[in-house]
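Single-letter residue listing:
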Amino acid sequence: MDALYFSWNEPAARLLATGPDAAAFLQGQFSKDLRAGSGAATYGLWLNHKGRVLADSFVLRRAEDVFEIVSVSSPAAGIVERLESFIIADDVSVADRTAGAVLLTTAGDPGDLFRGLGCVRPLEREFAITSAGGLIFRGRAAGRHECWHVLLSDEVATTTARAAIQDALDQA
């Protein structure tokens, strides 16, 4: 059994994109296909018109016209500026919800982490909602270790996640 490594950070970006045109608008701006249904988690890039990478993020489709955009390393301001510069006649809004967000990143064997967070292990390219309202999704591979991100937005969710991590470590 692999060890479980984890870190607590603030995400560089947590955005909420909503509106009747959100799916079509984001699809036209993102490097990966976002047409999968609710519950999909997609990692990809935001590119300029010449194909240069401006930012990277995960796009989590919460509903038909509701998307969470989460980046570990690309600042929210750059993604918001990029998206808002292309909103012309589209019925879409982008809100920065980064303040107060917490991102737990794990690498290694998650053991009972999912059960401790009150959710089932998400399938590949999907996310799950924890019992405390957090979002858990697979991150980019960390060498040979499995990587997961848990996005939390309040003290209760963070406390619950800390307890689940401690339980997973105690069982390792």
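Not measured: the values here are computed from a predicted model. (Residues numbered from 1 in each chain as written. Predicted model: local features only at pLDDT ≥ 70, side-chain atom pairs only at ≥ 80, totals over all residues. Heavy atoms only, no water.)

Q: Which residues make up the nonpolar core, and what values do they have?
A: Counting residues in hydrophobic clusters, the biggest one holds 19 residues, and the most contacted among them are L15, L26, W46, V59, I69, I79 and L83. Listed by contribution, the elements that provide at least two residues to this core are β2 (13-18), α1 (22-29), β4 (53-63), β5 (66-71) and α2 (76-84). In this structure I79 touches A13, L15, W46, A55, D56, S71 and S74, once residues within four positions along its chain are discounted. By size, the runner-up hydrophobic cluster in this structure holds 16 residues, among which are L4, F114, L152 and A164. (Core = buried A, V, L, I, M, F, W, Y, C linked by side-chain atoms within 4.5 Å. Buried < 20%, exposed > 50% of the residue type's maximum accessible area, 1.4 Å probe, protein only. Helix = DSSP H or I, 4+ residues; strand = E, 2+ residues; numbered from the N terminus. Contact = heavy atoms within 4.5 Å.)

Q: Outline the packing of aromatic side chains, supporting the account with residue identities and numerical values.
A: Within this structure, the stated rule accounts for 4 aromatic pairs. A ring pair is formed by Y43 and F58, whose centres lie 5.1 Å apart and whose planes are at 55°; its orientation type is tilted. Taken together, the residues Y43 in strand β3 (residues 41-47) and F58 in strand β4 connect sequence positions 15 residues apart. For Y43, a relative accessible area of 22% translates into the label partly exposed. The class of F58 is buried, set by a relative accessible area of 6%. (Phe/Tyr/Trp six-rings, centres within 6.5 Å; stacked < 30°, edge-to-face > 60°.)

Q: Give a description of empty space enclosed by the protein that names residues and reports values.
A: By the definition in use, this model includes 1 cavity of 30 Å³ or more. Reported here for the largest cavity is a volume of approximately 40 Å³. (1 Å grid on protein atoms, 1.4 Å probe; cavity = no way out; pocket = protein on both sides within 12 Å on 5 of 7 lines; lining within 4 Å. Points joined across faces, edges and corners; volume = space filled by probe spheres on them.)

Q: With reference to specific residues and values, describe the pattern of salt bridges.
A: Using the criterion set out here, one finds 7 salt bridges in the structure. The salt bridge partner of E68 is R97, with a shortest N-O separation of 3.2 Å. Residue E68 is found in strand β5, and its partner R97 is found in the loop between β6 (93-96) and β7 (102-108); the two are separated by 29 residues along the sequence. By relative accessible area, which is 1% here, E68 ends up buried. What makes R97 partly exposed here is its relative accessible area of 33%. (Salt bridge = Lys/Arg side-chain N within 4 Å of Asp/Glu carboxyl O.)

Q: Let's hear about the side chain of D56: which residues, and what values?
A: Structurally, D56 is set in strand β4. In this structure D56 is buried but unpaired, with R140 as the nearest side chain of opposite charge at 4.6 Å. Polar side-chain contacts of D56 include one of 3.4 Å to the side chain of S73. The residues touching D56, leaving out its near neighbours within four places in the chain, are Y43, G44, L45, W46, S71, S73, S74 and I79. (Lys, Arg positive; Asp, Glu negative; His and termini not counted. Polar contact = N/O pair within 3.5 Å; in protein donor to acceptor, adjacent residues only side chain to side chain.)

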